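Here is how the chains run, residue by residue.
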Amino acid sequence: MYAMLPSASIRTHVPVPLRFPDGYATTARMFSFSGLVDGREHLALGLGDWSASVERAADGGPPPLVRPHSECMTGDVFGSQRCDCGPQLREAVERISGVGGFVLYLRQEGRGIGLYAKLEAYALQDGGLDTYEANLALGHDEDERDYTVAAQMLQALGVERIALLSNNPDKAEQLSELGVCVTERVPTGVHLSPANASYLAAKARRSAHTLQVPSAR
Ligand SMILES: [Zn+2]
């Protein structure tokens, strides 16, 4: 099923105990890879009983729960309130730990435009553009994320079928085209703050996210 995909292999894997600022703790098995198409250092985090979830799926049982998470240094590391990436990642780690599966941590900052360009896009947003218009104004596409390496990592991990933890229909579509069998799409929660309300509204409006964004005004 991954016939068209350049193959990657697991380079190393090692347990890493995680502790989040709110005190939630779990242990991830962190995987690195050889052969990822863009040469960047993407990570897979095996969470909960991930190995049982892979075996179970191979025997025809329910697939592992998987979230492809695109790197957001400002949100993931510094707790930026301009987006919901930090809380999304935190939620994904706990939910996947509960049932077994993977976070695929993809090094494509700012919808693929990079960290510096993302900060420039923020400046434009402060001038009135939404997150997608700002990317276009900088000469980028609205969304340059590519999930090829996510599919490569799944293949290397022996995962052919997944339950996809995401509100983004584009992720499911791209992964399916790459040969991943997405048996189910599991929605994530909405992490609203005064600073990210207009960002979430733009996301829901512009990219058909299945977000129910409550009125933030
Ligand atoms: Zn973010």
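Per-chain numbering applies: the sequence of each chain, read as written, is numbered from 1 onward. Only residues with pLDDT of at least 70 are given local features in this predicted model, and only at 80 or more are side-chain atom pairs given and counted; all residues enter the totals for whole chains, interfaces and linings. Each side-chain value is derived from all of the structure's non-hydrogen atoms; neither hydrogens nor water enter the calculation.

S.K.: Can you walk me through the overall build of the protein chain in this structure?
M.R.: The way it works is that DSSP assigns letters per residue, a run of H or I at least four long becomes a helix, a run of E at least two long becomes a strand, and they are numbered from the N terminus. Across its full length, the protein chain carries 8 helices and 7 strands. Seen through its C-alpha atoms, the protein chain measures out along the principal axes to roughly 50 × 40 × 30 Å. Looking at the protein chain as a whole, 48% of its 217 residues are labelled buried. For this analysis, residues touch if any pair of their heavy atoms sits within 4.5 Å. For the protein chain, contacts bridging at least 24 residues in sequence account for 63% of all contacts bridging at least 6. On the protein chain, roughly 10400 Å² of surface is accessible, and the fraction owed to carbon and sulfur atoms is 52%. If you average the places of the 20 positive and of the 26 negative side-chain charges in the protein chain, the two averages end up 4 Å apart. A simple rule labels every residue: compare its accessible area, found with a 1.4 Å probe on the protein chains alone, to the largest value its type can have, and call it buried under 20%, exposed over 50%, or partly exposed in between. Note that accessible areas follow from Shrake-Rupley with a 1.4 Å probe, and for residues the cover is restricted to the protein chains shown. Charge assignment in this entry is limited to Lys and Arg as positive and Asp and Glu as negative, and neither His nor the chain termini are counted. All charge positions are set by atom: Lys at NZ, Arg at CZ, Asp at CG, Glu at CD.

S.K.: I'm lost on a nonpolar patch on the surface in this one. Help?
M.R.: By definition, no residue in a patch forms a salt bridge, and every one has over 30% relative accessible area; like charges are joined within 9 Å, nonpolar side chains (Val, Leu, Ile, Met, Phe, Trp, Tyr) within 5 Å. The salt bridge definition used is simple: a Lys or Arg side-chain nitrogen within 4 Å of an Asp or Glu carboxyl oxygen. Residues Met 73, Val 77 and Phe 78 make up a contiguous nonpolar surface patch of about 320 Å² in total accessible area. Its location among the elements puts Met 73 in helix H2 (residues 73-77). Residue classification places Met 73 among the partly exposed residues on the basis of a relative accessible area of 32%.

S.K.: Would you mind showing me how to read the coordination of the zinc ion here?
M.R.: Ideal values differ by geometry: the angle at a metal is 109.5 degrees with four tetrahedral donors, but 90 or 180 degrees with six octahedral donors. Only nitrogen, oxygen and sulfur atoms qualify as donors, provided they sit within 2.8 Å of the metal or within 3.2 Å for Na, K and Ca; with water excluded from the atoms, sites may seem incomplete. Around the zinc ion, the protein supplies Cys 72 (SG), Cys 83 (SG) and Cys 85 (SG) as donor atoms, at distances of 2.2 Å. Within one chain, the residues donating to the zinc ion are spaced in sequence as C-x10-C-x1-C. A residue pair is termed long-range when its members are at least 10 positions apart, and Cys 72 in the loop between strand S4 (65-70) and H2 and Cys 83 in the loop between H2 and helix H3 (85-99) qualify at 11 residues. The same class applies to Cys 72 and to Cys 83, which are both buried.

S.K.: Would you take a moment to explain the sheet that holds strand S6 (residues 161-165) for this structure?
M.R.: Strands belonging to one sheet form pairs held by backbone hydrogen bonds; the direction of such a pair is parallel or antiparallel. Taken in spatial order, the 7 strands make up an open sheet running S1-S2-S3-S5-S4-S6-S7, and their pairing is mixed. Both edges of this open sheet fall to strand S1 (9-19) and strand S7 (181-186), since each of them pairs with a single strand only. If you compare each strand with its neighbour and ignore which way they point, the axes differ by 30° on average. The pairing of S4 with strand S5 (residues 101-106) spans 6 bridges and is classified as parallel. Bridging from a neighbouring strand, Leu 65 pairs with Gly 101 of S5. Two strands pair under a simple rule: DSSP has to find at least two bridges between them. Axis definition: a line fitted to C-alpha atoms, limited for helices to the stretch in contact. Angles are taken between N-to-C directions and run from 0 to 180 degrees.

S.K.: Which parts of the structure should I look at to understand the packing of aromatic side chains?
M.R.: Aromatic ring pairs are defined here through the distance separating the ring centres and the angle between the ring planes. Only centres within 6.5 Å qualify two rings of Phe, Tyr or Trp (six-membered ring in Trp) as a pair; their planes then separate them into stacked at under 30 degrees, edge-to-face at over 60, and tilted for everything else. Within the structure shown, the criterion is met by 4 aromatic pairs. An angle of 90° between the planes, with centres 5.3 Å apart, marks the rings of Phe 31 and Trp 50 as edge-to-face. Of the two residues, Phe 31 is situated in strand S2 (residues 25-34) and Trp 50 in helix H1 (residues 50-58); the sequence distance between them amounts to 19 residues. Given the relative accessible area of 3%, Phe 31 is considered buried. Exposure remark for Trp 50: the relative accessible area of 21% places this residue in the partly exposed category. Summarising the aromatic geometry, the rings of Trp 50 and Phe 102 are spaced 5.9 Å apart at their centres and angled 55° between planes, so their arrangement reads as tilted. Of this pair, Trp 50 sits in helix H1 while Phe 102 sits in strand S5, and the two are 52 residues apart along the sequence. With relative accessibility at 0%, the residue Phe 102 sits in the buried group. Above the ring of Tyr 122, the side-chain terminus of Arg 82 is found at 4.3 Å from the ring centroid. Charge-over-ring contacts are defined here by two conditions on Lys NZ or Arg CZ: a distance within 6 Å of the ring centre and an angle within 35 degrees of the ring normal.

S.K.: Explain helix H6 (residues 148-156) here, please?
M.R.: Since the α-helix turns once every 3.6 residues, residues separated by three or four places project in the same direction. The element H6 is largely enclosed, with a buried count of 7 among its 9 residues. Within H6, burial applies to Thr 148, Val 149, Ala 150, Ala 151, Gln 152, Met 153 and Leu 154. Buried residues belonging to H6 abut S2, strand S3 (43-47), S4, S5, S6 and helix H7 (169-177). Where H6 terminates, the next one or two residues include Gly 158, which has phi positive at roughly 80°.

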